[in-house]
Amino acid sequence: MSQFLGWIATLPAWLQIILVIAAFLAVIGLLLFFIEIAPRTGRRYTAVRLAVCVLVPLIAMLILGSVIWAALIAAVLGGLFFLLDYRSRQGAGYLFQLVGFLAPAVILLAIGLIYPTIGTTIQAFQDNRSRNFVGLDNFIWIFTQPYGIRVVVNTIVWVLIVPTLSTIFGLAYAAFIDKSRGEKIFKALVFMPMAISFVGASIIWKFVYDAKPVGQEQIGLLNQIVVWFGGEPVYWLQNSPWNTFFLIVVLIWIQTGFAMVILSAAIKGVPAEQLEAAELDGTNAWQRFMNVTVPGIRSSLIVVLTTISIASLKVFDIVRTMTAGTNETSVIANEMYTQWKGFETGRSAAFAVVLFLLVMPIIIYNARQIKKQREIR
Amino acid sequence: MSAVTPIDLPIDRSTEKQLARGEAKIEGSTAARRTKRRLTSRSATIAALIIAILWTTPTLGLLISSLRPAKEVATTGWWTIFSNWGFTFDNYVQVLAAGNTQLTMSEAFLNSIAITLPATVIPLVIASLAAYAFAWIDFKGKDWVFIGVFALQIVPLQMALVPLLSLFSRGITIGGVQLFSGLNQGTSYSQVWIAHTIFALPLAIFLLHNFVSEIPRELIEAARVDGAGHGQIFFRIILPLTMPAIAAFGIFQFLWVWNDLLVALVFADGTVAPITKLLAEVTGKYGQEWHLLTAGAFIAIVIPLVVFFALQRYFVRGLLAGSTKG
């Protein structure tokens, strides 16, 4: 495979796209063909199954570049799998089909997520060469340095502010435009930032925050507004701690659209009868909204809040592009990358583990909340 | 990674129904909606208008600036476009040829396409295979394996990046035996394709499973009676029927990969870097050359914007995909 991929890499990009997709689809087509004929009985099909079971692992190991006897062991294991499949209680070929469907995904997940996650967890307790275990030193380093504490605090600030404000803006906007004329256009305008990459959004906002010295004409919109009101231009991204808030604005700008779309669907799902009943009781629009609509969409609100919380915990691109973590704006995901680039693999892994530990309670809270609601009903 | 995330968390039945009802109303005919009494007041409309303007202005500023002459961009604000009139495509011509020592913006744009297309198709196919097995083949411990796959979603990308990179570059050696020799080319797309494929799988399997399991059992049993095996059922029934779901997730995957920076920083170095990476790099280098930065940024966001406006319907549907099935 190395050779194949190496050869492909020498071709023009567009040819690579076609070739890789075609080769991949051909392999999948072949796989589906073998799955299709697997359960058929008769000596011919049994022989085909045996050949596939033995040859596929053998060839796979060889093209992955392993030594010959490792490949032979794989082939023998394939043969054993054939026997297991042959004697399967659900009939020969059953296991073969199952493995055919699941193996690509399971193998990729094992090598690409499970193995690396374990690897990172171990690295977090090792020194920067990944040779000696150093216990909790990396974590102690994070939580005793003023800089490391700052990084964690910044991340927590992101998680507290972004979901709250995005949800409030999204909810308000969804309620304002509900059933109004041109609702679709209104939606598209606020939703549009979601299609823009974080990098693109960062440049857009960096331009808004741009500052020129006093006396020169401003080209950043925000400073121009300040100047119009008689103030002096501010270097928004340099003064800690407020610069973090100006970075946070970018993510709010992006996530409000997400909150708005989900909550808009939820608001429309609130039964009209409930609202009408409340109206007959003489409530005003605000009371109806707070006492009927909001409780009615409670679980959608939780979903939106948790989803945005997780996104803000992992925020990386915005910080990387706008400040690269300078002027005390760094967050965990950015620091994880910075430490890794600085060959501090242990500390980098420790930051990744801290991030993982911070994501977990949000998911657990969400799962429990939903379980609770299921019990009530 | 981009901002778009479909609801990927478990949702209870009633919320599911509520969102489905709302979605049906969104997609319902506009004529039916007009007859309804308007509930919004004038002040609400004005507030909505203000938010909409606030949200659109920054992007508008970027677009206008990217079309103004360099001298004007550097000295006057884009909102003075009418008093300092000027219009040019020079910035685009210039920025497409600019870049770092290894590649230009136009090459990076091509790289983005070359990375994104395979990294969208491959995970979708693999995930739909797995989703079918989880939905329609019975085996021991199926629920546990499925929960395991679902749980992998909460693992942040950051946990997996570094060991995966060393796996790609050094391979696996167990007890001196090389099981996998590594991909050992720094300048091919293969690393970043595989990385994106893997990182997309948990969510893709979970969402597609929701759709695949909703297909009526009778349909599949009828096919089985007619002599179709799992291969044919998958190819002839499952694939065509779940195409809308696959398309919706495909849009997301496309945008994620196109907008991603983190995976590209780690896995796509040198001449295969996508446009997001190059753009993030030149933001520091070009610091104050806003005519180049704005044009570059617009080139990077134009494809996602086109995809978004053309497929907005599917986009919204896909966003609700985790909650409203079928």
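Computed from a prediction, not measured in an experiment: that's the story for all the values here.

### Re the overall build of chain A
Helix and strand counts for chain A stand at 17 helices and zero strands. On C-alpha atoms alone, chain A measures out to a radius of gyration of 28 Å, which is more than a quarter above the 21 Å that the 2.2 N^0.38 rule sets for 377 residues. With respect to the three principal axes, the spread of C-alpha positions in chain A is 85 × 60 × 45 Å. For chain A, the proportion of its 377 residues judged to be buried stands at 52%. Accessible area for chain A stands at about 17,400 Å²; split by element, carbon and sulfur atoms hold 70% of it. When the 27 positive and 18 negative side-chain charges of chain A are each reduced to one mean point, those points stand 12 Å apart.

### What to know about the UniProt feature "transmembrane region" (unreviewed entry) in chain A
All names here are of chain A. According to UniProt, the "transmembrane region" (unreviewed entry) feature falls on residues 13-38, 50-83, 95-118, 155-176, 188-208, 245-267 and 349-367. The straight-line gap between the two end C-alpha atoms of residues 155-176 is 31 Å; of that span, 100% is helix and 0% is strand. Secondary structure across residues 349-367 comprises 100% helix and 0% strand; the distance between its end C-alpha atoms is 27 Å.

### Some details on the environment of A:Lys341
Mapped onto the elements of the fold, A:Lys341 is located in helix α16 (residues 332-341). Taking the C-alpha atoms as reference points, A:Lys341 and A:Asn284, separated by 57 residues in sequence, lie 58 Å from one another.

### Here we look at helix α9 (residues 198-209) of chain A
Relative to the 16 Å expected for twelve residues at 1.5 Å per residue, α9(A) spans 16 Å between its end C-alpha atoms, a close match to the ideal helical length. For α9(A), every residue scored as buried is listed here: A:Phe198, A:Val199, A:Gly200, A:Ala201, A:Ser202, A:Ile203, A:Ile204, A:Trp205, A:Lys206, A:Phe207, A:Val208 and A:Tyr209. Packed against the buried residues of α9(A) are α10 (221-228), α11 (242-269) and α15 (317-322) of chain A together with α3 (42-66), α13 (275-285) and α14 (290-310) of chain B.

### A closer look at the interface of chain A and chain B
Taken together, the contacts link 127 residues of chain A with 132 residues of chain B. The junction of chain A with chain B conceals about 11,600 Å² of combined surface from both sides, 75% of it contributed by carbon and sulfur atoms. On the chain A side of the interface with chain B, the three residues burying the most area are A:Phe101, A:Lys179 and A:Phe207, jointly 6% of the side's total. Inspection of the region where chain A meets chain B yields zero salt bridges.

### A closer look at the domain arrangement of chain A
Taken domain by domain, chain A holds domain 1 (2-123) and domain 2 (145-376). A separation of 43 Å is found between the C-alpha centroids of domain 1 of chain A and domain 2 of chain A.

### Considerations on the packing of α11(A) against helix α14 (residues 298-313) of chain A
Residues and elements named next belong to chain A. In contact at an axis separation of 10 Å, α11 and α14 are set at 160 degrees when each is read in the N-to-C sense. For the element pair α11 / α14, the angle class is roughly antiparallel. Every pair of crossing elements has a handedness; the one defined by α11 and α14 is right-handed. Two secondary-structure elements touch here, α11 through Leu 251, Gln 255, Phe 258, Ala 259, Ile 262, Leu 263 and Ala 266 and α14 through Ser 300, Leu 301, Val 304, Thr 307, Ile 308, Ala 311 and Ser 312. A per-class count over the contact of α11 with α14 returns ten nonpolar, four polar and no charged.

### Section: the packing of aromatic side chains
Residues and elements named next belong to chain A. In this structure the tally under the stated criterion is 33 aromatic pairs over all chains. Note on Trp 242 and Phe 245: the rings are 5.3 Å apart at their centroids and 40 degrees apart in plane angle, and the pair reads as tilted. With Trp 242 and Phe 245 both in helix α11, this residue pair falls three residues apart, about one helical turn. Assessed through its relative accessible area of 56%, Trp 242 is described here as exposed. Ring centres of Tyr 337 and Trp 340 lie 6.0 Å apart, and the angle between their planes is 50 degrees; on these two criteria the pair is classed as tilted. Here Tyr 337 pairs with Trp 340, and both are found in helix α16, just three residues apart, close to one helical turn. An aromatic cluster is defined as three or more aromatic residues linked by ring pairs; in this entry it consists of Trp 205, Tyr 209, Trp 236, Phe 246 and Trp 253. Here the basic side chain of Arg 347 rests over the ring of Trp 141, its NZ or CZ set 3.9 Å away from the ring centre.

### Re the nonpolar core
Of all hydrophobic cores here, the largest spans 210 residues; its most connected members are A:Trp158, B:Phe199, B:Ile205 and B:Phe267. Here this core gets 18 residues from one element, more than from any other, and that element is helix α6 (residues 105-136) of chain B. No fewer than three residues from each of domain 1 (2-123) and domain 2 (145-376) of chain A sit in this core. When neighbours within four sequence positions are excluded, B:Ile205 is seen to be in contact with A:Ala105, A:Leu109, B:Ala127, B:Ala130, B:Ala131, B:Phe134, B:Phe146 and B:Val149.

### A look at the confidence of the model for chain B
Residue and element names in this part refer to chain B. Taken over all residues, the pLDDT of chain B has a mean of 80, while the share at 70 or more is 84%. Highest mean pLDDT in chain B belongs to α6 (91); lowest belongs to helix α2 (residues 30-34) (46). Under a pLDDT of 50 for its full length, residues 30-38 has, in the predicted model, eleven contacts with residues more than four places off or in other chains. Here the predicted complex scores 0.84 on pTM and 0.83 on ipTM.

### Looking at the confidence of the model for chain A
On average, chain A scores 83 in pLDDT, and the residues at 70 or more come to 95%. Here helix α1 (residues 2-9) of chain A is the element of chain A with the lowest mean pLDDT, 67, and helix α7 (residues 146-177) of chain A is the one with the highest, 91.

### So, the pattern of salt bridges
Scanning the entire structure with this criterion turns up eight salt bridges over all chains. A:Glu344 is the salt-bridge partner of A:Arg347, the closest N and O atoms lying 3.8 Å from each other. On the accessibility criterion, A:Arg347 (22% relative accessible area) is partly exposed. Classification of A:Glu344 by relative accessible area gives partly exposed; the value is 21%. One salt bridge connects B:Asp138 with B:Lys142, and the closest N-O pair in it is separated by 3.5 Å. Residues joined in a network through salt bridges with shared partners are A:Asp178, A:Glu183, A:Lys187 and A:Lys268.

### Remarks on the packing of helix α8 (residues 183-191) of chain A against α11(A)
Residues and elements named next belong to chain A. Where α8 meets α11, the axes come as close as 8 Å, and the angle between the chain directions of the two elements is 145 degrees. Residues Glu 183, Lys 187, Val 190 and Phe 191 of α8 form the contact with α11, whose own contacting residues are Thr 256, Gly 257, Phe 258, Met 260, Val 261, Ser 264 and Lys 268. A class-by-class count of the residues in the contact of α8 with α11 yields five nonpolar, three polar and three charged.

### Points about unusual backbone geometry
Residue and element names in this part refer to chain A. For Ala 324, which is not a glycine, the phi torsion comes out positive at approximately 55 degrees. Relative to the helices and strands, Ala 324 resides in the loop between α15 and α16. For Asn 327, which is not glycine, the phi dihedral falls at a positive 55 degrees. Relative to the helices and strands, Asn 327 resides in the loop between α15 and α16. You can call Asn 327 partly exposed: its relative accessible area is 36%.

Procedures and definitions
Residues numbered from 1 in each chain as written. Chains lettered and ligands numbered in written order. Predicted model: local features only at pLDDT ≥ 70, side-chain atom pairs only at ≥ 80, totals over all residues. Heavy atoms only, no water. Helix = DSSP H or I, 4+ residues; strand = E, 2+ residues; numbered from the N terminus. Rg over C-alpha atoms; globule rule 2.2 N^0.38 Å. Buried < 20%, exposed > 50% of the residue type's maximum accessible area, 1.4 Å probe, protein only. Areas by Shrake-Rupley, 256 points an atom, 1.4 Å probe, with all protein chains shown as cover. Lys, Arg positive; Asp, Glu negative; His and termini not counted. Charge placed at Lys NZ, Arg CZ, Asp CG, Glu CD. UniProt positions renumbered as here; feature names shortened; annotations may be inferred. Expected span 1.5 Å × (residues − 1). Contact = heavy atoms within 4.5 Å. Buried area = accessible area lost by both parts, 1.4 Å probe. Salt bridge = Lys/Arg side-chain N within 4 Å of Asp/Glu carboxyl O. Domains from an automatic or database assignment. Axes fitted to C-alpha atoms, helices over the stretch in contact; angles between N-to-C directions. Parallel < 35°, antiparallel > 145°, perpendicular 65-115°, else oblique. Left-handed = near helix turned anticlockwise from the far one by under 90°. Nonpolar A, V, L, I, M, F, W, Y, C, P; charged D, E, K, R; others polar. Phe/Tyr/Trp six-rings, centres within 6.5 Å; stacked < 30°, edge-to-face > 60°. Lys NZ or Arg CZ within 6 Å of the ring centre and 35° of its normal. Core = buried A, V, L, I, M, F, W, Y, C linked by side-chain atoms within 4.5 Å. pLDDT = per-residue confidence, 0-100.

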